[in-house]
Amino acid sequence: MIKKTLLGTSTLLSVLALTACVSSSIEKTHSTSVSKHSVQSSTSGIKVTKSETDQREYEYIQLDNQLKIMLVSDPTLERSAVALAVGVGSYHENDGFWGMAHYLEHMLFLGTEKFPVPGEYSKFISKNGGSSNAYTDMEHTNYMSAVKDNAYEELLARFSDYFKKPLLLPEYADKERNAVHSEWSMKGVSDGVILGELNGLSLNPKHPVSRFTWGNLDTLTDQSGKTLHQALTEFYEQHYSANRMTASLVSPRSISELKQLAKQYFGDIPDKNLPSPKITIPALTEKESGKIVRYQPQKDVKWLQMRFTIDNNIGEYKSKPNEYLSYLINSQMPGTLSATLREQGLVESIGSYDDPAAFMSQGEFVIYAYLTDSGVKQQGKIIASVMQYLDLIKQQGIEKKYYQEIKQSLANSFRFQEKYNEYSYASNIAAQLLFYPPESALSHAYEYTQFDAAAIQQVLSQLSLDNVRLFYIDQSQPVDTPMTYFKGQYSIDDITPQMKENWKKSASNINLKLPSYNRLMPENFELVDKKYIEKPQRVYQNNSTEVYLGHSEYFDKPKGLLKVELNSGLAYQSVANQLSQLVLQQAITTELTGISAEASAAGMSLSIGTGSGISLYSNGFSDRQFELLLEVLSKIKTFKLTESEFQVALSTVKSNLENLKKDTLLSQTFSQYRELLNKNVFASDTLLENISSIKPQQVDRLLNALLKEARVKVFAFGNYQSDELTQFTKNLESILPSDRQVKDYFKTDYVQLDANDSYHLNLDAPQNDTALVDSYWQPHTWQNDAAGRVLRSAISRDMFEQLRTQEQLGYSVGFYSSRYDQQISYAWYIQTPVKGPKAVMARIKAFQQQQNAVIQQMTLSEFEVHRESVLVKLTAKPKNISEEAAYLLTDWSLENDNFDSKQALIDAVKSLKLSDIQQLYSKIINRQNMGHLLVQIRGANFKATEFTLPKNSLQIKSVVQFKNKN
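Since the model is a prediction, treat every value here as computed from it, not as a measurement.

*Asks:* Which residues make up the confidence of the model for the chain, and what values go with them?
*Replies:* Here the chain shows a mean pLDDT of 93. Residues at 70 or above account for 96%. Below pLDDT 50 for its whole length, residues 4–36 participates in 121 contacts with residues either more than four positions away or in separate chains.

Written out as C-alpha cells, the structure is:
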C-alpha cells in the first residue's frame, strides 16, 4: 500500500482539527481542565510523556545495533502487536526503477532463510486471530502485525527475520510487480491519487517528489543493463539497516519481558551504520512559484487548493505555528473567512492543513476550498479573500488568547485520550519515533508549551502569492498536457500582476472578522454514578418517544456517545421525496458547518443523517452534548432553504450521484449490490433522471412533514445521568411541532432471496478493469452467522495467497459474510486488471473446488485454531467507548431491547462444530438451498470478453421489477 494522495504526502503530525476560537473582546473567564501529563522513566534515561489517564506502561530502549524501540505493556490486551518503520521511502529510489520502495514492501514478506515458504506468514497470522499490513510513504516504510498473545513469540521470530535475511525470491519478482501494477491500476482512477502525483509534477523536477512513486509494469522492469531483481536487492542492501529503524512492541506482557523479547529477536538485525538519508534539494524554486495548475478531475468535483511551500519546521511542535494558523483559518464562526464566503454562495467550506516536513528539505501548508458553481466562476475573489484574511491575522490575530484556547483543547484531548487497537497503535508509535524525540513520541501532537509570535509570523511571511501554486480543479479548466502514468490532463500558467490586481479588486467588498470564543468548550469533567452497566435500560417512554441509557463497563471518562433519531420512512414514498431528502441533508450539513466545527474544537463530533428520517449523532465530551444537540435541532426546525442554498445543494447532490459511476470498479460493484438489496431506495439512475424536477418548496414540505410524524428514539451510552437525559429528551420534544401525528417505527426493508432464486446484473464501465461480487444467501441464524465468520478465517488467506500472490489476478480479492436483517450472505469479490468477467469467475470457481478439499479434510485442531481466532476478536475488551457501544447501538436500531446479539454470536461460535462449516461451504459452492446474486462490471479493456452466465440464473434488466418481485 502506498500513501501518496490528494493531500500530497501523508501528514506526519496528526493533530486535532481545531476549528473554533476566541473573541478579541472577551476575556477568558471560564473554568479549565489543567493540562496534566504523566512522565514515565526508562532505563535509557528517556522520560516518556503520557496522558495522566493512560494506565499503560512505557519504556524506550535503544539496542546495541542502534535500533530504537518503544515498549508498551497493557495488561488489558488479548492480542500483541509489533511494528517496524524504516527511514526510507519513495524519495530514495534509484533512477528509472520508480516504485521500488513500494515494490520492496510487497516483496519483503515472501520468505526468509529461517521461514522460507511464501504465504506461510499470512497463514500464521490468520490462524492466530491476527492482522498484518504495510505501507510505503515518501520518506519511510512501515510494517505492522498483531496476533493473539500466546503466538507472540513466534510472530516476533517470523517478523524480525524479514529484516535480517529476506529471500527476495527471483521467482516472485514478476508476480509482485503485477501486484503493484494492480494496485496502481485500481487506485489510479482516484482524483486524490492523481492530484498527489500532480503536486509533484508541478514542483522542482530535480526533487524526488516529481517522480512517479506507485510503480507499474513499465517502471518495474529490467533496464539499463540491470535486472529488476538486482535493483531490488541493491535497494534493500543500500537502505535497510538497524540504525535507520524504529519499532514498537505493544502487548499485555510486562516491560521486563518485552525488553528481553526485543533484544532476543531484534538485536541481531544488521547494523550497517548508514547515514540518515537527507534531501537538501528545494522542492520549490522561483521557477515553480507563482503558478496556476489547472486539472480536469475524473469526477465532477469543484476544488481550489492554495499550496504554499514553507521551511521545514517539524521541530517546532511545542510552539505549533502551523497549527495556530490552521486553527484560525479553519474556523467557521460568523464573520470568518469560511463563514463569509459560504454566506455569499461561493464555497461549501474552507479549511487548511500542513505537513511540516512534506519534502524533507521543506514543508507544505495548504489552504483548500470546496467550491459552488458560483465559486468556480469567482476563484480570484476567493483567493483575494484568503489573502485578506491572512493579512488580518498578521495585524490582529497573533494573540495569547488564541494560544490559550488551542492549548486548552489539546490538553483536554490528551488528558482523556481514548485507546484504539494495538495493531494501529504500534504502527503509529513506530512511525513517530522516526520524526520526534522518544520522550514526545506519544505527546507531540498535544504539547503546546510555547507561544511564539515570531514563529507564527515566519510561517505567515511564506503564505504569499509569490510563493503559491494555485490548483484549479473542476471540469471547466482548459488543459493541454497528459500525465504519463495517470488518466489525467493538466496545464500550468503564470500568475500575472494583472491577475493579482483584478483579484484584489473583486474582493474589495469583503469584510472579515477573527473568530469569537468557543461556547462549547467543556468545563465539567465529573463522572456520574453508573447504574446501567449490564445492558442499556429504557429510562423514559411515552407513545411517541423512547430513551435508552447505558453505562460503560470498562471506561471512566467524562465522555459518551449520544444519538437522536427522528424516525420516519417518508423519504422513501416517492422519487421526489428521496431526492428532497438528499438535498435536505446536503443543505442542513452546510448550514450546520459552523456549529459542527465549534463542537469539534471542543472535543465533540457532530454528524447529521437523513436515512430513516433525521438522525443527530455526537461522540466525545459529555458536558455540553445536550446543549449542542438541542441547538442543532432548533436550527433544523426553523431551517428554510433560500433559492441560492437550494441550487448549491442540488448541484452537489447531482454531482455525487454522477460520481458514483467514476469510483473504482470494486466500489461501484458494491454500490450496485447494496442498491439492489435495499427495497426502499430508488436507483441512482432514476434519481438522476428526475433531479431537475425538484423544487425548494418540496424540500421544505418534506422537512415539515417529517418533523410532524417522526417517532423520537434516543440512545445514550457513557457519562450521562438518567434524570438529565430525561430532561434533555423533554426539551427536545418541546422543540418539535405540537401537532405531531407519530407514525409506526420505520425499518429498512431488504430484498428476500429464497433458496431457488438466482439473479445476475451485468454492467459495462469506462474504467479498465473487471470487478464482481458473487453472493449466496440463506436465513440468518446465529449459527449461520458464526459459521460464516469462521469460514472466512479458513478461506481468506488461502484465497489471497492463491489468486492474488500466486496467480496475480488482482490487488483486491476476498471472501466475507454479512447480515441483512433476517438474512445472511456469503460473498466472494475481486477487482482484476488481467481477465474479463467469465474468465475471472472461472478462476474463482477453480479455487473454490481446490479449497473444498482443504475444508473437507480440515482436522479438528485446525478448525479450533480458526474458531479461536474469531473468538479472540469477539471477546477482546473494547479499546474505547465507541467500540464498546457498537453492538449495543446495532441492537437498538433493530429494536432488540435485550441487547444480546454479541453474546448470542459468541455463544454460537463457541458451540460451532467442524461439520457446520464443512456443510456450509459445500452448500455455498454447490448452491444448495441458497439464494444467489451476482453483480459483475466489465471495464473497457475487456469489452470484447463475455460476462459469466450462472446456471439457471435470471438477468436483472429492471431494478424496479427485481425489487418488486422479491
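*Asks:* Describe the side chain of Glu183, with residues and values.
*Replies:* With respect to the secondary-structure elements, Glu183 resides in helix 4 (residues 173–187). A polar contact is formed between the side chain of Glu183 and the side chain of His102, at a distance of 2.9 Å.

*Asks:* How would you sum up the environment of Ala908? Please name residues and give values.
*Replies:* Its place among the elements puts Ala908 in helix 28 (residues 901–911). According to the relative accessible area criterion, Ala908 is buried, its value standing at 9%. Each C-alpha atom of the pair Ala908 and Asn784 lies 8.6 Å from the other, and the pair is 124 residues apart in sequence. Leave out the neighbours within four places in its chain, and Ala908 touches Trp782, Gln783 and Ala786.

*Asks:* Break down helix 29 (residues 914–926) for me, citing the residues and quoting the values.
*Replies:* Quick reminder: α-helices carry 3.6 residues per turn. Residues three or four places apart thus point the same way. With 13 residues, helix 29 ought to run about 18 Å at 1.5 Å a step, and its terminal C-alpha atoms sit 19 Å apart, in line with that. All of the buried residues in helix 29 are Leu914, Asp916, Ile917, Gln918, Leu920, Tyr921, Ile924 and Ile925. Next to the buried residues of helix 29 lie strand 25 (770–779), helix 24 (782–806), strand 26 (812–820), strand 27 (823–832), helix 25 (837–856) and helix 26 (860–875). Positive phi appears at Arg927, one or two residues downstream of helix 29, with a value of about 50°.

*Asks:* Tell me about the sheet that holds strand 21 (residues 607–609), and name the residues and values.
*Replies:* The strands that make up a sheet are held in pairs by hydrogen bonds between backbone atoms, and each pair lies either parallel or antiparallel. The 6 strands lie next to each other as 18-19-23-20-22-21, forming an open sheet whose pairing is mixed. Strands with a single pairing partner mark the edges of an open sheet, and in this sheet they are strand 18 (537–541) and strand 21. Shown here is a sheet whose adjacent strand axes are inclined to one another by a mean of 15°, direction ignored. Against the sheet, helix 27 (residues 881–893) touches strand 19 (545–550), strand 20 (559–567), strand 22 (613–621) and strand 23 (711–718), its axis set at about 155° to strand 23.

*Asks:* Describe unusual backbone geometry, and please don't skip the residues or the numbers.
*Replies:* Most peptide bonds are trans, and most residues other than glycine sit at a negative phi. Phi at Lys320 takes a positive value of approximately 45°, unusual for a residue other than glycine. Look at Phe899: it is not a glycine, yet its phi comes out positive at around 50°. Here Phe899 is to be found in the loop between helix 27 and helix 28. By relative accessible area, Phe899 is classed as buried at 9%.

Conventions and cut-offs
- Positions within a chain are numbered from 1, following the residues in the order the chain's sequence is written.
- A pLDDT threshold of at least 70 governs which residues receive local features in this predicted model, and a stricter bar of 80 or more applies before side-chain atom pairs are shown or counted, although totals over entire chains, interfaces and linings include all residues.
- To obtain the side-chain values, all non-hydrogen atoms of the structure were used and water was disregarded.
- Per-residue confidence from the predictor is given as pLDDT, running between 0 and 100.
- Whether two residues are in contact is decided by their heavy atoms: any pair within 4.5 Å suffices.
- Secondary structure follows DSSP: runs of H or I at least 4 residues long count as helices, runs of E at least 2 residues long count as strands, and numbering of each begins at the N terminus.
- Here a polar contact is recorded for every N or O atom pair within 3.5 Å, except that within protein the pair must consist of a potential hydrogen donor and a potential acceptor, and residues adjacent in sequence are included only if both atoms are side-chain atoms.
- Classification of residues uses two cut-offs on accessible area relative to the type maximum, computed with a 1.4 Å probe and protein chains only: under 20% is buried, over 50% is exposed, and between them is partly exposed.
- One less than the number of residues in a helix, times 1.5 Å, gives the span that helix is expected to have.
- By this definition, two strands are paired if DSSP reports at least two bridges between them.
- What counts as an axis is a line fitted to C-alpha atoms, over the stretch in contact for a helix, and the angles between N-to-C directions run from 0 to 180 degrees.

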